[in-house]
2 protein chains.
Amino acid sequence: MSLLVTGSIAIDNVKTPYGVSENCLGGSAVYFSMAASFFSPVRLFGIIGSDCPFDFGEVFAGRDVELTGLEIREGSKTFRWAGTYHGDMNERTTDKLELNVLEEEPPSMPDAYKDSKFIFLANTLPALQLQLLEQVDKPTFAAADTMDCWIDGHIDDLQRLLKRIDCLIINDDEARMLAGENNLICAAQKVLNMGPRVVVVKKGESGSILCETGGGRFVLPAYPVTEVKDPTGAGDSFAGAMMGYLAKVGSCDFESLKTAVVYGTVVASFAIADFSLRGLTAIEKGEIENRFEALRKLTSF
Amino acid sequence: MSLLVTGSIAIDNVKTPYGVSENCLGGSAVYFSMAASFFSPVRLFGIIGSDCPFDFGEVFAGRDVELTGLEIREGSKTFRWAGTYHGDMNERTTDKLELNVLEEEPPSMPDAYKDSKFIFLANTLPALQLQLLEQVDKPTFAAADTMDCWIDGHIDDLQRLLKRIDCLIINDDEARMLAGENNLICAAQKVLNMGPRVVVVKKGESGSILCETGGGRFVLPAYPVTEVKDPTGAGDSFAGAMMGYLAKVGSCDFESLKTAVVYGTVVASFAIADFSLRGLTAIEKGEIENRFEALRKLTSF
């Protein structure tokens, strides 16, 4: 089934203990689309300025990523993010954030996107996520990400959004913050009470937890990787593979959601192995399947 | 097979966001023995002062915990620890530490303990762990715990110990510190290179990783609990159930080690549900088996 993603497209500057990557392609919608494209066609919906040096036809060459919803706005500047990861890379600081075109009027959705069934609203202002969601006719499964600054400053909009989506994919610290609850399982339950029928809590190198209102729970460790060069985009790659798998099978029952979370975990483990999108572009579908089976072997008893 | 534990016996004062427990029984050897006793007879080897208010016959009533190696030293004072857990209880501060009898001459090992096959050297000075290990004739499987202050200040003794034990059970931060390596999988590999053939890295609410020199790896999330009142003794309860299971089956091959880690995870999840030993003493063996199967269901895909 059709999969639509809306989110940022960025020019990133990233520093980690393993090196520096300057003026590289990033952004939540880009990581998401690349990860999802291993499973399903993707409709990319986003905006860049005319300064953007990347040829997206080339970036996604050989992948079924639809670009009619990518607006290149003349005279505007592309979103820029610069960040540094420290130590074991579980912490990062934002060195620079230039919203640029993201602060302007949002792009308008192509009519051809409006029948999309699987929707991912990557992290942005909750009011904007709601506005984007309302442009889609009748989604089967709408998921969103969010972050601390919206929980802190835009909680009313976020609460409205939560009543409209099927699934929230969120970091552990943000789940605790949103729920006002330290215990992660209780926090996930409280988020479910806010509206979505599915919550996926991402815990970085500690794996993830899937909870649904019916009482279904699934806990999965991260794939144990020895090569981590750049965690940027790990969460969006996780969401991309997860949603890509769901769109592929056209289902969102609990068994499908479990498998989707495993694929999210596996693809994220590749994404962090190299800077920018190189961790994702370096792999073939077969490697994803191999690591899926390896993760099963590593966790089963 | 016979299981011996050496470690601390403590009078604890614990504060958590859920309450206060004053002058309660604690200590690594006590939590370990209680947890191990669900699986196997335990030989407790430790020392207390004559001020200790607990009747250990009563504490372990109905459990096969041998107390001939428990020395009550006249005129000495029992080890005391006071600590406070904060927020989500992943962090704690030590408010008071009185080594008391632990700073004196160690107890002497009863001859009847010297044929013990499974040995756990709970966290103490590495030189003392070595001295205790040398008193055992021919152990089948010797495991030890350690902590940051010994890695920092007694690394030579610790390195000697690592060459003599089969298994190190260690926290994630301490594994990173010992290996001088941020990536946890690489850190575990480096610890294996220091001597033991098995390393178990405990990550608290994020689960654990088992690695052995033959290349065997097992990753397991923690059991997702909603009730956590006091994390004191969680690591020792983990080690107790793990070693208790190994002693019961008399084996330490990789499949047995995996099962042992699952039992460790399950028993630790009960231990943290209440203050002091109450989380452990409140359960029956059947509840451990039920949660073992529940964890399998929660993690399998």
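Residues numbered from 1 in each chain as written. Chains lettered and ligands numbered in written order. Predicted model: local features only at pLDDT ≥ 70, side-chain atom pairs only at ≥ 80, totals over all residues.

## Points about the overall build of chain A
So, point 1. Per the secondary structure count, chain A includes eleven helices and 13 strands.
So, point 2. By the compact-globule yardstick of 19 Å for 301 residues, chain A fits well, its C-alpha radius of gyration being 18 Å.
So, point 3. Within chain A, buried positions represent 51% of all 301 residues.
So, point 4. Pairs at least 24 apart in sequence give 66% of the contacts found in chain A among residues at least 6 apart. (Helix = DSSP H or I, 4+ residues; strand = E, 2+ residues; numbered from the N terminus. Rg over C-alpha atoms; globule rule 2.2 N^0.38 Å. Buried ≥ 20, exposed ≤ 12 C-beta atoms within 10 Å, placed from the backbone. Contact = placed C-beta atoms within 7 Å.)

## Considering helix H7 (residues 184-193) of chain B
All names here are of chain B.
So, point 1. All buried positions along H7 are accounted for by Leu184, Ile185, Ala187, Ala188 and Val191. One side of H7 holds all its buried residues, which, seen down the axis, span an arc of 160 degrees.
So, point 2. Looking at the buried residues of H7, the elements they touch are strand S10 (167-171), helix H6 (172-179), strand S11 (198-202) and strand S12 (208-212). (Arc of directions from axis to C-beta.)

## Examining the relation of the copies chain A and chain B
What relates the pair of chain copies is a rotation about an axis plus a shift along that axis.
So, point 1. At an RMSD of 0.0 Å, chain A and chain B line up after a rotation of 180 degrees and a shift of 0.0 Å along the axis. What the superposition gives is, in effect, a two-fold axis relating one chain to the other.
So, point 2. Most of the interface of chain A is mirrored in chain B: 100% of its interface residues are interface residues there too. (Least-squares fit on C-alpha atoms with pLDDT ≥ 70 in both.)

## Regarding the interface of chain A and chain B
So, point 1. Across the boundary between the two partners, chain A contributes 28 residues, which contact 28 residues of chain B.
So, point 2. Sorting the residues of the side of chain A that touches chain B by element identifies helix H7 (184-193), strand S13 (217-220), helix H9 (254-271) and helix H11 (285-299) of chain A as the ones contributing at least two each.
So, point 3. When residues of the side of chain A that touches chain B are assigned to their parent elements, the largest contribution, four residues, is made by S13(A).
So, point 4. When grouped by side-chain class, the residues that make up the side of chain A that touches chain B number 13 nonpolar, nine polar and six charged. (Nonpolar A, V, L, I, M, F, W, Y, C, P; charged D, E, K, R; others polar.)

## Quick word on the sheet that holds S11(B)
All names here are of chain B.
So, point 1. Within the open sheet, the nine strands sit side by side as S5-S4-S1-S8-S9-S10-S11-S12-S13. Their pairing is mixed. Since the sheet does not close on itself, it has two edges, and those belong to strand S5 (65-73) and strand S13 (217-220), each with one partner. Pairwise comparison of adjacent strand axes, ignoring direction, gives a mean angle of 15 degrees for this sheet.
So, point 2. The pairing of strand S8 (residues 118-121) with strand S9 (residues 141-145) spans four bridges and is classified as parallel. Opposite phenylalanine 118, over in S9, you have phenylalanine 141 as the bridge partner.
So, point 3. Of the strands in this sheet, strand S1 (3-6), S8 and S9 touch helix H3 (residues 126-133), which is tilted by about 160 degrees from S8.
So, point 4. Most of the contacts of H6 go to S10, to which it runs at about 115 degrees, and overall it touches S10 and S11. (Pairing = 2+ DSSP bridges. Axes fitted to C-alpha atoms, helices over the stretch in contact; angles between N-to-C directions.)

## Here we look at the sheet that holds strand S3 (residues 19-26) of chain B
Sheets are built from strands paired through backbone hydrogen bonds, the pairs being either parallel or antiparallel.
All names here are of chain B.
So, point 1. Taken in spatial order, the four strands line up as S3-S2-S6-S7 in an open sheet, and their pairing is mixed. Either end of the sheet is taken by a strand with one partner, and the two such strands are S3 and strand S7 (91-98). Sheet twist, expressed as the mean angle between neighbouring strand axes with direction ignored, is 15 degrees.
So, point 2. Sheet topology note: the strand S2 (residues 10-16)/strand S6 (residues 79-86) ladder contains six bridges and is parallel. For lysine 15, the partnering residue across the bridge sits in S6 and is threonine 84.

## With respect to the environment of Ala143(B)
All names here are of chain B.
So, point 1. Within the element layout of this structure, alanine 143 appears in strand S9.
So, point 2. Residue alanine 143 is classed as buried on the basis of its 24 C-beta neighbours within 10 Å.
So, point 3. Separated by 15 residues in sequence, alanine 143 and leucine 158 have C-alpha atoms that sit 13 Å apart.
So, point 4. Once residues within four sequence positions are removed from consideration, alanine 143 is found in contact with Phe120, Ile165, Asp166, Cys167, Ile169 and Met243.

## Focus on the confidence of the model for chain A
So, point 1. Mean pLDDT over chain A: 96, with 100% of residues reaching 70 or higher.
So, point 2. Taken together, the chains of this predicted complex give a pTM of 0.94 and an interface ipTM of 0.92. (pLDDT = per-residue confidence, 0-100.)

## Brief notes about the packing of helix H1 (residues 28-36) of chain B against helix H8 (residues 234-249) of chain B
Residues and elements named next belong to chain B.
So, point 1. Two elements in contact, H1 and H8, have axes separated by 7 Å at closest approach and are oriented at 40 degrees. Accordingly, the angle class assigned to the pair H1 and H8 is oblique. Here the hand of the crossing between H1 and H8 comes out right-handed. Here Ser28, Tyr31, Phe32, Ser33, Met34, Ala35 and Ala36 of H1 come into contact with H8, specifically with Asp236, Ser237, Ala239, Gly240, Ala241, Met243 and Gly244.
So, point 2. A breakdown of the residues in the contact of H1 with H8 according to their chemical character gives eight nonpolar, five polar and one charged. (Parallel < 35°, antiparallel > 145°, perpendicular 65-115°, else oblique. Left-handed = near helix turned anticlockwise from the far one by under 90°.)

## Comments concerning the pairing of strand S10 (residues 167-171) of chain A
Residues and elements named next belong to chain A.
So, point 1. Counting buried positions along S10 gives four out of five residues, so the element sits mostly inside the fold.
So, point 2. Note: strand S9 (residues 141-145) against S10, three bridges, orientation parallel. Within the sheet, the bridge partner assigned to aspartate 145 lies in S10 and is isoleucine 169.
So, point 3. The sheet contact formed by S10 and strand S11 (residues 198-202) spans five bridges and is parallel. The residue of S11 that forms the bridge with cysteine 167 is valine 198.

## A look at unusual backbone geometry
All names here are of chain B.
So, point 1. The backbone phi angle of asparagine 100 is positive, close to 50 degrees, even though this residue is not glycine.
So, point 2. A tally of 19 C-beta atoms within 10 Å means that asparagine 100 is categorised as partly exposed.
So, point 3. With phi around 50 degrees, serine 276 is a residue other than glycine that occupies positive phi space.
So, point 4. Positionally, serine 276 belongs in the loop between helix H9 (254-271) and helix H10 (278-281).

## Points about the pairing of strand S8 (residues 118-121) of chain A
All names here are of chain A.
So, point 1. Burial along S8 is two-sided: Phe118 and Phe120 facing one way and Ile119 and Leu121 facing the other are all buried.
So, point 2. Pairing between strand S1 (residues 3-6) and S8: four bridges, direction parallel. Looking across to S8, one finds that leucine 3 is bridged to phenylalanine 118.

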